[in-house]
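# Understanding the architecture of this molecule
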Amino acid sequence: MHVPDGFIAPQVFLPAYGLVIGLALYGFKRFKENLNERSIPYLATLSAYAFVLSSLSLPLPGGTSVHGMGFAPLSILFGPWTAYLCMCLVFLLQAVLLGHGGITTYSVNALAIGFVGSFCAYGVYSLLTKRKYATFLSGFISTLASALFMSVVLGIHPYLFTDVDGKALYFPYPLSITIPLLLTSHIPVALVEGLLTQAIVSFVRRRGFEG
Amino acid sequence: MIVILIFLLVSLSFSHELLEEVRQEGNCTLVHFYFQDGSAFSYEEYEVYREGEKAPFQKGRSDALGRVVFCPDRDGLWFLRIRSQDGHGAELRLNLKAGKVEKKRSKFESYQRVLSGLGYLLGIFGLISLFSRRWKR
């Protein structure tokens, strides 16, 4: 789901950069206020987990691939702002070192996966917290929410940015293609993400850590 | 433990990272897009541009083997953009000089970069740990 350079219009990624930086500054303030020294090793390990998980892809029929994201355990255990900050760091390293996602599209990737994903994971978990499958559903639904957000951002490009001949200047496929394609292809990822979230959160809590 | 287990899966899962190999065949440039397991990025839309031009020099779809071939008429910077409907793809800058260009990424490089990323990440959290005491004062 990391979008490469050249797919997103400057009219979209530049304001998104402003938003990402503003949210990160506010998130950092919250992070500093709530920081507990005991949580740093857990944060480092779960960020490493998110880094590795979002670096590897699950091959799907049709020659495409998708990847997990790993923000849900961070969000459930440490809150959405901390998860968002960690994911911003993860995506920055991936863009610079791995070429996963571009430098220009970093802002959109950070918003779609880091912000929307983390807040959705936290929201779903908070709503269903007493239910048996709250953790699984948090990972599952937030992954699909990120995919939906990204598909909308990509899919609006051919409507908004065209040349005089009506040809798309950036991403050329409309919402009618991107939404069903990204949502369907992310269902297996969301299932894996949900199971991993459930396993990781239970594991960390069994060790006596509540976040 | 979980991170280690997931990391062990990298060898399987990097198989679908989109890579490219660029080489010169006579007067033409051949760019091969493929995943690490060798499966091709086939039938995807691409466009090739000369530097500074908005109209594409060439456009089409990659062939069944994920290859794009174009025959540049001059040296300099060329841009190749390829994308699939689900947002995958790449944008390459190719500096062509006297008909020579060579670019290939190895699997080892992918492992190396992930390991460096993990190193940076853990290092940053190490620094946060050092600064956290000051923030808490």
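Located above this text is the structure these notes cover.
These remarks concern the structure in this document. Not measured: the values here are computed from a predicted model.

## Focus on helix α2 (residues 40-55) of chain A
Taking 1.5 Å per residue, 16 residues should reach 22 Å; α2 of chain A reaches 22 Å between its end C-alpha atoms and fits that length. Within α2 of chain A, 14 of the 16 residues are buried, which leaves the element mostly enclosed by the surrounding structure.

## A short note on the pattern of salt bridges
Residue and element names in this part refer to chain B. This model, assessed by the stated rule, comprises 11 salt bridges over all chains. The partner of E53 in a salt bridge is R50, with the nearest N and O atoms 3.0 Å apart. According to the relative accessible area criterion, R50 is buried, its value standing at 17%. Overlapping salt bridges, with partners in common, bring together R50, E53, D73 and R74 in one network.

## Topic: the packing of aromatic side chains
Summed over the entire model, instances satisfying the criterion amount to 14 aromatic pairs over all chains. Among the aromatic residues, those joined into a ring-pair cluster are Y26, W81, Y84, F115 and F119 of chain A.

## Topic: the sheet that holds strand β7 (residues 89-96) of chain B
Residues and elements named next belong to chain B. Within the open sheet, the four strands sit side by side as β4-β3-β6-β7. Their pairing is antiparallel. Two strands lie at the open edges of the sheet, namely β4 (58-61) and β7, each paired on one side alone. On average, each strand axis in the sheet is inclined to that of its neighbour by 15°, with strand direction left out of account.

## Some details on the packing of helix α3 (residues 71-78) of chain A against helix α6 (residues 134-155) of chain A
Residue and element names in this part refer to chain A. Across the interface, α3 lies against α6 with an axial gap of 9 Å and an inter-helix angle of 125°. The orientation of α3 with respect to α6, classified from their angle, is oblique. Taken as a pair, α3 and α6 cross one another with a handedness that is right-handed. Contacts between α3 and α6 involve F71, A72 and I76 on the former and, on the latter, T135, S138, G139, S142, T143 and S146.

## What about the packing of helix α4 (residues 80-98) of chain A against helix α5 (residues 106-127) of chain A?
Residues and elements named next belong to chain A. Relative to each other, α4 and α5 sit at 150°, their axes nearing to 9 Å. Compared by their axis directions, α4 and α5 come out roughly antiparallel. Judged by the twist between their axes, the crossing of α4 over α5 is right-handed. Here P80, W81, A83, Y84, M87, C88, F91 and L92 of α4 come into contact with α5, specifically with Y106, N109, A110, I113, G114, F115, S118, F119 and Y122.

## Some words on the state of the cysteines
Within this structure, the stated rule accounts for one disulfide over all chains. Two residues, C28 of chain B and C71 of chain B, share a disulfide whose sulfurs are 1.8 Å apart. Between C28 of chain B and C71 of chain B the sulfur-sulfur dihedral comes to about 85°; the bridge is accordingly right-handed. Highlighted residues: C28 of chain B in strand β2 (residues 28-35) and C71 of chain B in the loop between β5 (67-70) and β6 (76-83), separated in sequence by 43 residues. In this structure C88 of chain A is not part of a disulfide, and its nearest cysteine sulfur, from C86 of chain A, lies 9.3 Å away. In this structure C120 of chain A is a free cysteine whose sulfur lies 17 Å from that of C88 of chain A, the closest cysteine sulfur available.

Rules used in this analysis
By convention here, each chain's residues receive numbers from 1 onward along its written sequence. Each chain takes a letter, starting from A, and each ligand takes a number, starting from 1, following the order in which they are written. Per-residue local features are limited, in this predicted model, to residues with pLDDT of at least 70; the limit for side-chain atom pairs, both in listing and counting, is 80 or more; totals at the level of whole chains, interfaces and linings are taken over all residues. Remark: hydrogens and water are excluded; side-chain values derive from all non-hydrogen atoms of the structure. What counts as a helix is a DSSP run of H or I of at least four residues, what counts as a strand is a run of E of at least two, and both are numbered from the N terminus. Under the convention used throughout, the expected extent of a helix is 1.5 Å for every residue step, that is, one less than its residue count. Relative accessible area decides the class of each residue, using a 1.4 Å probe on protein chains only: under 20% of the type maximum gives buried, over 50% gives exposed, and in between gives partly exposed. Salt-bridge detection follows one rule: a side-chain nitrogen of Lys or Arg within 4 Å of a carboxyl oxygen of Asp or Glu. A pair of Phe, Tyr and Trp rings is counted when the ring centres sit within 6.5 Å of each other, with Trp represented by its six-membered ring. The angle between the planes then sorts it: under 30 degrees is stacked, over 60 is edge-to-face, the rest tilted. For two strands to pair, DSSP has to find at least two bridges joining them. For helices, the fitted axis covers only the stretch in contact; all axes are lines through C-alpha atoms, and the angles between them, taken along N-to-C directions, range from 0 to 180 degrees. Oblique is the label for any angle not under 35 degrees, not over 145, and not in the 65 to 115 range, which are roughly parallel, roughly antiparallel and roughly perpendicular in turn. Definitions for this section: a left-handed crossing has its near helix turned counterclockwise from the far helix by less than a right angle. A right-handed crossing has that turn clockwise. By definition in these notes, contact holds between two residues if any of their heavy atoms fall within 4.5 Å. Disulfides are defined in this document as cysteine sulfur pairs within 2.5 Å.

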